[in-house]
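# Architecture at a glance
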Amino acid sequence: MRGSVMMDALTDEEGRLCAIYRYGIPQTDMSEAMDRIAKVAMAATGTPIAAVSIIDRQQQIFMALRGAQSGPIPREESLCAMMIGKRRPLIVADTHEQDHFSKARLVKDQPHVRAYLGVPIISPDGYHLGTVSIADVEPRMFSEANVTALVNLAALAMEHISTHQPDAFDFATGALTRHRFQANVEREFARAKRYERPATLVFLDIDKFNEINTAIGHEMGDEVLKAVANRCKEVTRVCDSFGRIGGEAFGLLLPETMPYEASQCAERIREDINKLRFRTEKGVLSITASFGVAALTRELNSAMQWFAQADIAMFGAKRAGRNCVVFAPPLDAEDAQPSEGQAAAGGARANIH
């Protein structure tokens, strides 16, 4: 639950996660540049271990790691994650001096870190995306020159991330733009049709969002959009696509997925959205969303028609009482020939909330 109506970058966890996604992390490969930054960090400070990391909701993800071996680390076991919500460096001369440091993964396991210095990677709009850090297997004091070196390297890491920011992501939510999402749908339609493989589209729309926006204001409305988008992104696979297709409407493209499996995914997201709570000036707000599921069937003749079927299913969920998952109706031979109205369904959505 949020502690205040006005959110800033330090306390806005949903906005921080959206910022990570809109920079294309972790999909965009920046390992070569980040590895160079880690090398320079080791050389400039004389330490045997250096890393460039991103922290998402669940874990620490290494963009570069030198002097140690590790996959993603659970957030509760990460030294770097202890810095989230702070702008100052974290300096630990001896990790054995405080219990909460000794529980960190790289402290209790190989390489048994004893000294740590981490500096936050801060986006231009103030979000703490991750860290540039150095470590030693022996206790040591870190100098002001060490801190300055890492501050400059963290700024360099952020500059590199910014220059590689894809233009395919929606700035507010980190979802794909409608244009890029549609392109992915068209590509998957052609692939799945050619090889006769399953694929499913899921559309979702936040229920009564216009009323919510009017009641609590656009700033809190944006917080709702961020939170919903993040819940969706957190359940997607690498092969999936998640896009913002309208103001409060989103789409999930699930390749190699049967409609029943897609409905299970939609149900999970629906339940996660139901659990969200937002503290506003007018009290605690809860929200719901309606979901439409459209399988890629033999009767579909185009990606646009597939898009329209998902839209039809979503509005079927609205008519069924909202806060539910509905399958698209089957197409018969006549339906398979898209009318002008059907072709436009994906682009001019009805005013139903």
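One can find the structure itself at the top, above this paragraph.
Conventions adopted
Residues numbered from 1 in each chain as written. Predicted model: local features only at pLDDT ≥ 70, side-chain atom pairs only at ≥ 80, totals over all residues. Heavy atoms only, no water. Helix = DSSP H or I, 4+ residues; strand = E, 2+ residues; numbered from the N terminus. Buried < 20%, exposed > 50% of the residue type's maximum accessible area, 1.4 Å probe, protein only. Contact = heavy atoms within 4.5 Å. Core = buried A, V, L, I, M, F, W, Y, C linked by side-chain atoms within 4.5 Å. Axes fitted to C-alpha atoms, helices over the stretch in contact; angles between N-to-C directions. Parallel < 35°, antiparallel > 145°, perpendicular 65-115°, else oblique. Left-handed = near helix turned anticlockwise from the far one by under 90°. Pairing = 2+ DSSP bridges. Right-handed = clockwise from strand over helix to strand, strands pointing away. Polar contact = N/O pair within 3.5 Å; in protein donor to acceptor, adjacent residues only side chain to side chain. Expected span 1.5 Å × (residues − 1).

### Re the overall build of the chain
- When you go through the chain residue by residue, the secondary structure sums to 11 helices and 13 strands.
- Taking the principal axes of the C-alpha coordinates as reference, the chain spans close to 75 × 50 × 30 Å.
- Expressed as a percentage of the 353 residues in the chain, the buried residues total 52%.
- In the chain, the proportion of contacts linking residues at least 24 apart, taken out of those at least 6 apart, comes to 67%.

### Side note on the nonpolar core
- In terms of nonpolar packing, the biggest core is built from 33 residues, with Met34, Val52, Ile121, Leu129, Val132 and Ile161 touching the most fellow members.
- Residue assignment for this core shows that the elements contributing at least two residues are helix H1 (13-22), helix H2 (31-45), strand E1 (49-55), strand E2 (59-66), strand E5 (115-122), strand E6 (128-136) and helix H5 (144-163).
- If one sorts the elements of this core by residue count, H5 sits on top with 7 residues.
- Among residues more than four places away in sequence, those in contact with Ile121 are Val52, Ser53, Tyr127, His128, Leu129, Gly130, Thr131, Val132, Ala154, Ala157, Met158 and Ile161.
- Core analysis: the next-biggest nonpolar cluster, separate from the first, contains 31 residues, Phe250, Leu252, Ile273 and Ala289 among them.

### Points about the packing of H1 against helix H8 (residues 218-233)
- Remark: H1 packs on H8, axes separated minimally by 9 Å, with the N-to-C direction vectors making an angle of 55°. Classified by the angle between their axes, H1 and H8 sit oblique to one another. Note that H1 runs across H8; the crossing there is left-handed. Residues Glu14, Gly15, Leu17, Cys18 and Tyr21 of H1 form the contact with H8, whose own contacting residues are Lys226, Ala227, Asn230, Arg231 and Lys233.

### Section: the pairing of strand E12 (residues 289-295)
- Of all 7 residues in E12, 6 are buried; the element is thus mostly enclosed.
- By the bridge criterion, 7 bridges tie strand E7 (residues 199-206) to E12 in an arrangement that is antiparallel. By the bridge assignment for E12, Phe203 is matched with Gly292.
- With 3 bridges joining them, E12 and strand E13 (residues 325-327) adopt parallel strand pairing. Paired with Val293 across the two strands is Phe327, which belongs to E13.
- On the question of chirality, the crossover connecting E12 to the parallel E13 by way of helix H10 (residues 303-319) is left-handed.

### Some remarks on the environment of Thr45
- Structurally, Thr45 is set in helix H2.
- Each C-alpha atom, one on Thr45 and one on Met82, is 22 Å from the other, the two residues being 37 residues apart in sequence.
- Here the side chain of Thr45 touches Ala41 through a polar contact of 2.6 Å, landing on its backbone oxygen.

### A few points about H8
- Compared with an ideal rise of 1.5 Å per residue, which puts 16 residues at 22 Å, H8 spans 22 Å between its outermost C-alpha atoms and is within 8% of the ideal.
- Burial runs high along H8: 13 of the 16 residues are buried.

### Quick notes on the pairing of E5
- Counting buried positions along E5 yields 7 of 8 residues, so the element is predominantly enclosed.
- Pairing of strand E4 (residues 90-92) with E5, which is carried by 3 bridges, proceeds in the antiparallel orientation. For Leu90, the partnering residue across the bridge sits in E5 and is Gly118.
- Between E5 and E6, which pair antiparallel and follow one another directly, the connecting turn spans 5 residues, one of which, Gly126, has a positive phi of 95°.

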